[in-house]
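Structural characterization, general
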Amino acid sequence: MASFSSRGPNFRTPEILKPDVTAPGVDILAAWTGANSPTDLDSDTRRVQYNIISGTSMSCPHVSGIAALLRQSRPGWSPAVIKSALMTTAYNVDNAGGIIGDMSTGNVSTTFARGAGHVDPNHATDPGLVYDTRTEDYITFLCALGYTAEQVTVFDPVANCSTRAGSSMGDHNYPAFSVVFTSNKLAVITQRRVVRNVGDNVRATYRARVTSPAGVRVTVRPGKLQFSSKHKTQEYEITFAQRIFGSVTEKHTFGSIVWSDDEKHTVTSPIAITWPVSQDAEITPHFLGKVTKTHTHEGTYDTTHSETYSSLRSASGHMENGGEAANWRFGAANPALEAAGRQSIRSIVSGLFDSLDKSDPRPVAPLGHGDPSAFACFRTAPAAEDAIASAALSGKHNCYSRAAGVEEARSAVAAHLSRELPYEVTAGDVVITAGCNHAIEIMMAVLAAPGANVLLPRPGYPLYESRAALCGLQFRHFDLLPEKGWEVDLDGVVALADENTVAMVIVNPNNPCGCVYSYHHLAKIAETARKLGILVISDEVYDHCAFGSKPFVPMGVFGEIAPVVTMGGISKRWMVPGWRLGWIVATDPNGVLREKKVPTYIPQMTQLPPEPYREPNCVLPCNRADLCAANTVSEIMKQGALPQIIANTDKVFFENAMDVMRKTAEICYQKLMDIECITCPHKPEGSMFVMVKLDLSSLDGIHDDVDFCRKVAREESVVICPGSELGMMDWLRITFAVDPFLLEDGLERVKAFCKRHGKTKEVN
């Protein structure tokens with residue numbers, strides 16, 4: 001950028017970016033009239049037809065010429081659309097691949113120097129999306145500027161600013177964003193835009209990716225725009241919120257929003273933020289990193305979040321030798337460990353398998369746990385199996401890996417998740433784990449600061465409770481509301497939280513309820529977490545196991561609102577629970593987790609081994625015994641295979657798997673509706689489970705849900721998980737990730753059981 005180039009901000013109207021674009025303007029060969037000499041000096045008598053000139057007067061003809069060519073190529077485009085095309089397709093790198101420099105500072109240029117970037121005529125002919133502006137929009141803009149009624153009528157005799165009260169200059173449909181914060185108080189500014197699809201694909205889908213300026217959280221809603229022949233225009237809103245943490249010392253910070261269709265169009269709009277003289281944070285969320293004064297006989301010291309466990313001190317005294325028995329000092333009961341073992345779903349379901357009548361010739365209907373891999377209709381993708389074999393035979397994965405996991409695997413997970421986020425996560429945000437259960441263990445340990453508590457869903461996955469108890473982390477339960485499709489009771493969350501609450505856990509798609517949370521509800525969860533100053537742990541091991549009306553939306557989409565730790569893995573979507581391959585990802589574009597050193601603690605915990613894997617399905621006839629054993633494949637080999645597993649699995653595999661899951665979910669729902677003693681409050685839309693209410697008043701000789709499950713296992717060879725083990729007394733959790741014929745047969749047996757144990761109805 002030339003030092004003489006005009007620069008922003010726009011002091012008259014700071015809500016409009018200055019400059020718009022950059023075009024060639026230095027040492028330009030230009031036509032010369034001959035009225036003056038080429039030097040403009042009186043002593044210079046030369047007259048020439050051409051001259052070398054620099055200045056805005058040279059940039060403007062370039063842009064004017066490009067605009068004229070665009071109008072010739074696209075005669076239906078308005079001037080505003082042409083301007084939009086020029087701005088959103090401009091580039092910002094020089095011929096060396098770096099950001100365009102600034103001669104006036106010697107540093108890289110900013111948006112206030114180069115605008116949206118350097119014009120690119122060829123790309124401007126096919127911008128994908130455009131921002132158009134009508135006469136009405138300009139009138140509204142003038143009204144927002146404070147023009148009087150008399151002044152506005154010069155442009156439109158019937159214009160009336162009184163009908164446009166509350167209009168904002170920032171809402172002008174301009175292909176850039178210039179936001180002005182005027183005070184040190186935390187502020188939120190929302191602007192709206194409308195884009196039109198002018199690309200060849202009328203059914204294009206665009207997704208947003210945001211690079212947030214320093215000091216501000218940027219949220220785009222919706223994050224995906226779906227166009228069609230009937231809906232060629234779509235509206236979105238973009239919210240700019242001052243960050244909670246830290247302060248901004250610069251007067252201006254910059255970022256961008258990019259809409260991409262994953263084909264050939266990237267529609268880029270710059271973001272410029274203007275700050276007051278100083279900006280101090282006024283709110284500090286209170287999760288993690290608490291410092292507590294602890295008094296001991298050795299004095300007073302500070303204990304922080306990283307000191308998860310108390311130090312181990314050796315016992316005094318010495319061991320007895322000789323003929324006398326040794327005084328062994330280990331083996332004392334550990335109540336927390338015993339309770340954790342009782343809370344394991346695998347332990348619970350294993351106990352129900354022990355209740356089976358071994359003489360029953362019927363096949364066992366395993367409706368108590370989610371392992372579809374035993375059934376041919378849910379066999380994993382061949383590409384996944386090939387990747388494992390290839391990794392094992394390559395000889396490249398026989399060594400130790402870094403604590404956070406194999407670098408290629410972390411990069412693959414980062415790229416995999418970034419496709420659905422409005423920002424990019426990197427390999428540095430990812431830690432590979434031995435399955436999602438391992439991820440749960442790690443996160444409960446990482447959060448276990450002295451006195452801290454975590455909020456868990458009810459009904460929920462018992463491992464959260466057991467691991468929290470083992471780590472000394474207190475936990476409290478908020479309710480999922482069956483009458484509202486098992487949504488989170490956010491009022492209950494607020495009521496439960498106190499100054500020691502550090503996080504809340506959500507599971508989406510949900511185990512055990514079978515619901516899928518909407519974009520709107522997830523946004524409310526994020527806003528509640530931000531209000532409380534806590535992080536959200538989003539268990540997404542069932543990601544994309546959604547087959548109802550709601551699509552799966554990653555919680556990380558709302559990482560700009562509140563920090564999110566995403567936990568996931570390949571066990572459910574790829575139908576390989578025995579492979580034990582998962583991840584923990586910091587989906588936190590604001591860097592709050594990094595500031596609190598959470599990503600530093602997580603890899604340290606990965607060095608602790610997870611609990612042994614004992615799958616109850618092993619007692620069933622299973623022709624894939626490899627899935628019934630623990631650690632059958634080297635952890636490093638699995639991680640080495642992960643990039644190929646993600647890259648090579650055809651989407652047809654996932655579509656077919658969800659088609660079968662949709663079919664079995666429908667079978668399950670219809671069969672349950674026909675059982676009088678069972679009520680299903682919400683048709684399953686995701687995961688592999690559904691929660692149903694058991695009406696004990698209609699049954700004779702059944703004491704509770706555990707008694708029901710034991711007797712139905714013994715009498716009908718059907719295994720169902722009792723809801724009391726998930727926090728819901730007299731409820732049942734049923735899985736439909738079962739062969740359709742076995743599922744249908746199993747539920748018919750449950751129906752027969754209920755009829756057999758049903759109370760006799762009185763006849764008047």
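Look a little higher up for the structure.
Residue numbers restart at each chain and count upward from 1, following the sequence in its written direction. pLDDT decides what is reported in this predicted model: residues at 70 or higher carry local features, side-chain atom pairs at 80 or more are listed and counted, and totals for whole chains, interfaces and linings draw on all residues regardless. Where side-chain values are given, they derive from all heavy atoms of the structure, hydrogens and water being excluded.

1. Focus: the overall build of the protein
Helix and strand assignments come from DSSP, with helices taken as H or I runs of at least 4 residues and strands as E runs of at least 2, each series counted from the N terminus. Each helix and strand counted, the protein has 20 helices and 26 strands in total. Burial here depends on accessible area, computed with a 1.4 Å probe over protein chains only, as a share of the maximum for the residue type. Under 20% is buried, over 50% is exposed, and the range in between is partly exposed. Expressed as a percentage of the 764 residues in the protein, the buried residues total 52%. What makes two residues a contact is simply this: any of their non-hydrogen atoms within 4.5 Å. Across the protein, the fraction of contacts at a sequence separation of at least 24, relative to all contacts at a separation of at least 6, is 72%. Of the roughly 35300 Å² that the protein leaves accessible, carbon and sulfur atoms contribute 52%. Throughout, the Shrake-Rupley method with a 1.4 Å probe supplies accessible areas, and for residues the shown protein chains are the sole cover considered.

2. Quick notes on the pattern of salt bridges
Definition used for salt bridges: Asp or Glu carboxyl oxygen within 4 Å of a side-chain nitrogen of Lys or Arg. One pass over the full model with this rule turns up 28 salt bridges. Note that Asp498 is salt-bridged to Arg476, the shortest N-O span being 2.8 Å. In this pair, Asp498 sits in the loop between helix 13 (490-496) and strand 19 (501-507) while Arg476 sits in strand 17 (residues 474-481), placing the two residues 22 residues apart along the sequence. The partly exposed category is assigned to Arg476, whose relative accessible area is 24%. A salt bridge links Lys671 to Glu744; the nearest nitrogen and oxygen atoms lie 3.7 Å apart. In this pair, Lys671 sits in helix 18 (residues 651-673) while Glu744 sits in helix 20 (residues 740-757), placing the two residues 73 residues apart along the sequence.

3. Points about the side chain of Ser687
Tracing the sequence through the fold places Ser687 in the loop between strand 23 (678-679) and strand 24 (689-694). Counted as a polar contact is a pair of N or O atoms within 3.5 Å, where, for protein atoms, one must be capable of donating a hydrogen and the other of accepting one, and residues adjacent in sequence contribute only when both atoms are in side chains. At 2.8 Å, the side chain of Ser687 and the backbone oxygen of Asn510 are in polar contact. Ignoring any residue separated from it by four or fewer positions in sequence, one finds Ser687 in contact with Pro509, Asn510, Asn511, Gly514, Tyr542, Cys545, Phe547, Met661 and Phe736.

4. Brief notes about the environment of Asn51
You can see Asn51 is positioned in strand 2 (residues 50-53). For Asn51, a relative accessible area of 13% puts it in the buried group. Considered as a pair, Asn51 and Gly34 are 17 residues apart in the sequence and their alpha carbons are 9.9 Å apart. Excluding residues that lie within four positions of it along the chain, Asn51 makes contacts with Ile28, Leu29, Ala30, Trp32 and Pro38. Of note is the side chain of Asn51, whose polar atom sits 3.1 Å from the backbone oxygen of Pro38.

5. A few points about the sheet that holds strand 8 (residues 224-226)
As summarised here, the arrangement of the 5 strands in space is 4-11-10-6-8, forming an open sheet in which the pairing is mixed. Two strands close off the open sheet at either side, each with one partner strand: strand 4 (177-180) and strand 8. When the angles between neighbouring strand axes are averaged without regard to direction, this sheet yields 20°. Pairing analysis gives 5 bridges linking strand 6 (residues 205-211) to strand 10 (residues 252-260), with the strands arranged antiparallel. Each bridged residue has a counterpart across the sheet, and for Arg209 the counterpart in strand 10 is Val258. Whether two strands pair comes down to DSSP finding at least two bridges between them. Lines fitted to the C-alpha atoms define the axes, with helices restricted to the stretch that makes contact. Angles between their N-to-C directions range from 0 to 180 degrees.

6. Observations concerning unusual backbone geometry
Glycine aside, residues mostly have negative phi, and peptide bonds are mostly found in the trans state. The step from Arg221 to Pro222 runs through a cis peptide bond, and the omega angle for that step is -10°. Topologically, Pro222 is positioned in the loop between strand 7 (216-221) and strand 8. With omega at 0°, the peptide bond leading from Arg458 into Pro459 counts as cis. Relative to the assigned elements, Pro459 resides in the loop between strand 16 (453-458) and helix 12 (463-471). Phi is positive for Trp486, which is not a glycine, with a value near 65°. Structurally, Trp486 can be placed in the loop between strand 17 and strand 18 (487-488). Positive phi, close to 55°, is recorded for Ser717, a residue that is not glycine. Among the secondary structure elements, Ser717 is positioned in the loop between helix 19 (705-716) and strand 25 (718-722).

7. A look at the sheet that holds strand 9 (residues 233-242)
Across the sheet, 4 strands lie side by side as 3-5-9-7; this open sheet has antiparallel pairing. The strands lining the two open edges of the sheet, one partner per strand, are strand 3 (129-130) and strand 7. In this sheet, strand 9 lies alongside strand 7 in antiparallel orientation, the contact comprising 6 bridges. Across the sheet, the residue bridging to Thr219 is Thr239, located in strand 9. The strands touched by helix 14 (residues 519-532) are strand 7 and strand 9; relative to strand 7, the strand with the most contacts, the crossing angle is about 165°.

8. A look at the state of the cysteines
Here, the word disulfide means a covalent bond between the sulfur atoms of two cysteines. The disulfide criterion used throughout: a pair of cysteine sulfur atoms within 2.5 Å. Taken as a whole, this structure holds 1 disulfide when the rule is applied. A sulfur-sulfur separation of 1.9 Å characterises the disulfide bridge that pairs Cys143 with Cys161. Residues Cys143 and Cys161 share a disulfide whose torsion about the S-S bond is about -80°; that sign makes it left-handed. Taken as a pair, Cys143 in helix 5 (residues 135-145) and Cys161 in the loop between helix 6 (149-152) and strand 4 lie far apart in primary sequence, 18 residues in all.

9. Looking at the pairing of strand 20 (residues 535-539)
A large share of strand 20 lies buried, amounting to 5 of its 5 residues. Judged by which residues are buried, strand 20 turns out to be covered on both faces: Leu535, Ile537 and Asp539 on one side and Val536 and Ser538 on the other are all buried. Relative to strand 20, strand 19 runs parallel, the two being bridged by 5 bridges. Of the residues in strand 20, the one forming a bridge with Ala503 is Leu535. A crossover links strand 19 with its parallel partner strand 20, the connecting element being helix 14, and its sense is right-handed. Across 4 bridges, the pairing between strand 20 and strand 21 (residues 564-569) is parallel. Residue pairing in the sheet places Ser538 in a bridge with Thr566 of strand 21. If the strands point away from the viewer and the path from the first strand over the helix to the second runs clockwise, then the crossover is right-handed.

10. Digging into the pairing of strand 17
Bridging between strand 16 and strand 17 involves 6 bridges; their strand directions are parallel. Looking across to strand 17, one finds that Leu456 is bridged to His477. Where the polypeptide runs from strand 16 across helix 12 and back to strand 17, its parallel neighbour, the crossover connection is right-handed. The sheet contact formed by strand 17 and strand 18 spans 2 bridges and is antiparallel. When the bridges of strand 18 are listed, Leu481 appears paired with Glu487. Once strand 17 ends, the chain turns through 5 residues before running back antiparallel as strand 18, passing Gly485 with a positive phi of about 70°.

11. Looking at helix 10 (residues 407-418)
Over its 12 residues, helix 10 extends 16 Å from the first C-alpha to the last, a length consistent with the 16 Å expected when each residue adds 1.5 Å. Of the residues making up helix 10, those classed as buried are Ala409, Arg410, Ala412, Val413, Ala414, His416, Leu417 and Ser418. Take the number of residues in a helix, subtract one, and multiply by 1.5 Å to get its expected span.

12. Looking at helix 2 (residues 79-88)
With 8 of its 10 residues buried, helix 2 lies for the most part within the structure. All buried positions along helix 2 are accounted for by Ala80, Val81, Ile82, Ser84, Ala85, Leu86, Met87 and Thr88. If you follow the buried residues of helix 2, they end up packed against helix 1 (56-73), helix 4 (121-124), strand 3, helix 5, strand 5 (188-197) and strand 11 (266-274).

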